[in-house]
Amino acid sequence: MTTDVGALLLETVPFARTLGITFDSVADGMAVCRVADRPELRNHVGGPHAGALFTLAESASGAAMLSVFADQLSRATPLVTVSTVKYLKLALGEIVATAHVRADRAAVLELLDAGKRPTFEVAVELRNADDVVVSELTVDWTLRPNR
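Note that residues are indexed from 1 along each chain, following the sequence as it is written. Restriction of local features to residues with pLDDT of at least 70 applies here, the model being predicted, together with a cutoff of 80 or more for giving and counting side-chain atom pairs; totals for whole chains, interfaces and linings are based on all residues. The basis for every side-chain value is the complete set of non-hydrogen atoms in the structure, without hydrogens or water.

Engineer: Please give an account of helix α3 (residues 50-69) that cites residues and values.
Structural biologist: Only DSSP runs of H or I reaching four residues or more are called helices, and only runs of E reaching two or more are called strands; each is numbered from the N terminus. Multiplying 1.5 Å by the helix residue count minus one yields the expected span of that helix. A rise of 1.5 Å per residue sets the reference length of α3, with its 20 residues, at 28 Å; its end C-alpha atoms lie 28 Å apart and thus fit the reference within 8%. Each residue's exposure class comes from its accessible area (1.4 Å probe, protein chains only) as a fraction of the maximum for that residue type: buried when under 20%, exposed when over 50%, partly exposed otherwise. Burial of α3 is extensive: 15 of the 20 residues sit out of reach of the surface.

Written out as structure tokens, the structure reads:
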């Protein structure tokens, strides 16, 4: 059985639906999603609000993470522990997020099997319609064992 990770994320994270995030692809530790340019998402300088950009990036990171670890949801809860963001340029127009898991699945599962909370990074780039990187994020995830 294959999990539609984008649909799962949109079902379980209503705020991502509120922003209108759509998923282009999710597989093998990578996810690509986007948010359209809409007036209600803009800030005082005409680009998407930082909160909208962050939610897009976190959604991409979650989808990338789930593409590797969705089969562990019965025994662990994924949680974000730390996020760092660099806003590099004013983001204008539609924004596309690309996320990559930086983790060795076997090493993460070994820690989880030992009853520990493994942590790992997901790197995310946000690009504008001209394919220019406007933000870079690192999202640290943990898998908290269910008790």
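Picking up after the structure, the text goes on.
Engineer: Just give me the short version of the environment of V82, but keep the residues and values in it.
Structural biologist: For V82, the position within the fold is in strand β3 (residues 76-87). Counting along the chain gives 56 residues from V82 to T138, while the straight-line C-alpha distance between them is 8.1 Å. The contact rule is simple, with two residues in contact once any of their heavy atoms fall within 4.5 Å. In this structure, V82 is in contact with T138, V139 and D140, ignoring residues within four places of it in sequence.

Engineer: Hey, could you go over the pairing of strand β1 (residues 22-27) for me, with residue numbers and the actual values?
Structural biologist: Paired strands, in this sense, are two strands between which DSSP finds at least two bridges. With 5 bridges connecting them, β1 and strand β2 (residues 30-35) associate as antiparallel partners. Bridged to V26 within β2 is A31. Here β1 hands over to β2 after 2 residues, with D28 in that stretch at a positive phi of 50 degrees.

Engineer: So what's going on with a nonpolar patch on the surface? Which residues, and what values?
Structural biologist: A grouping of V45, L90 and L92 is seen on the molecular surface, where their side chains present a nonpolar patch of about 260 Å² in accessible area. Position of V45 among the secondary structure elements: in the loop between β2 and α3. Residue classification places V45 among the partly exposed positions, given a relative accessible area of 48%. Put simply, a patch holds well-exposed residues, over 30% relative accessible area, that have no salt bridge, with like charges counted together within 9 Å and Val, Leu, Ile, Met, Phe, Trp or Tyr side chains within 5 Å. Note on areas: these come from Shrake-Rupley sampling with a 1.4 Å probe, and a residue is covered only by the protein chains present in the view. When a carboxyl oxygen of Asp or Glu lies within 4 Å of a side-chain nitrogen of Lys or Arg, that pair is called a salt bridge.

Engineer: Requested: an account of unusual backbone geometry, with residues and values cited.
Structural biologist: In this model, D28 sits at a positive phi of 50 degrees, which is unusual for a non-glycine residue. Unusually for a residue other than glycine, D131 sits at a positive phi of about 65 degrees. Tracing the backbone through its elements, the reader meets D131 in the loop between β5 (119-127) and β6 (133-145).

Engineer: Run through the nonpolar core, naming residues and quoting values.
Structural biologist: Within soluble globular proteins, side chains that are nonpolar tend to cluster in buried spots. The set of buried Ala, Val, Leu, Ile, Met, Phe, Trp, Tyr and Cys residues whose side-chain atoms join them within 4.5 Å is what this entry labels a nonpolar core. I21, L56, F69, F120, V122, V124 and L126 are the most contacted members of the largest nonpolar core, which has 41 residues in total. Those elements that provide at least two residues to this core are α1 (5-12), α2 (14-19), β2, α3, β4 (95-102), α4 (105-113), β5 and β6. The leading source of residues in this core is α3, at 11 residues. Ignoring anything within four residues of it in the chain, the contact list for F120 reads M65, F69, V101, R102, A103, V108, V139, D140, W141 and L143.

Engineer: Account for the sheet that holds β6, naming residues and giving values.
Structural biologist: Strands belonging to one sheet form pairs held by backbone hydrogen bonds; the direction of such a pair is parallel or antiparallel. One open sheet holds the 6 strands; their spatial order is β1-β2-β4-β5-β6-β3, and the pairing between them is antiparallel. Strand pairing shows two members of the sheet lacking a second neighbour, β1 and β3, which therefore form its edges. Strand after strand, the sheet turns through a mean of 20 degrees between neighbouring axes, direction not considered. One ladder, built from 7 bridges, connects β4 with β5; its direction is antiparallel. Pairing of V96 across the sheet is with R127, part of β5. The convention used is that axes are lines fitted to C-alpha atoms, helices contributing only their stretch in contact, and that angles between N-to-C directions extend from 0 to 180 degrees.

Engineer: Describe the side chain of T55, naming the residues involved and giving the relevant values.
Structural biologist: Relative to the assigned elements, T55 resides in helix α3. Here T55 falls in the buried class, since its relative accessible area comes to 10%. Setting aside residues no more than four positions away along its own chain, T55 makes contact with F15, L19 and I21.

Engineer: Help me get a handle on the pattern of salt bridges, residues and values and all.
Structural biologist: The final tally for this structure, using the stated rule, is 9 salt bridges. Linking D113 and R75 is a salt bridge whose minimum nitrogen-to-oxygen distance equals 2.8 Å. With a gap of 38 residues between them, D113 in helix α4 and R75 in the loop between α3 and β3 connect regions that are remote in the sequence. Given the relative accessible area of 55%, D113 is considered exposed. In this structure, the salt-bridge partner of D131 is R127, at a minimum N-O distance of 3.7 Å. Here R127 falls in the partly exposed class, since its relative accessible area comes to 25%. The network of salt bridges with shared partners includes D24, R34 and E94.

So, to be careful, I would describe these as geometric facts and stop short of saying anything about function.
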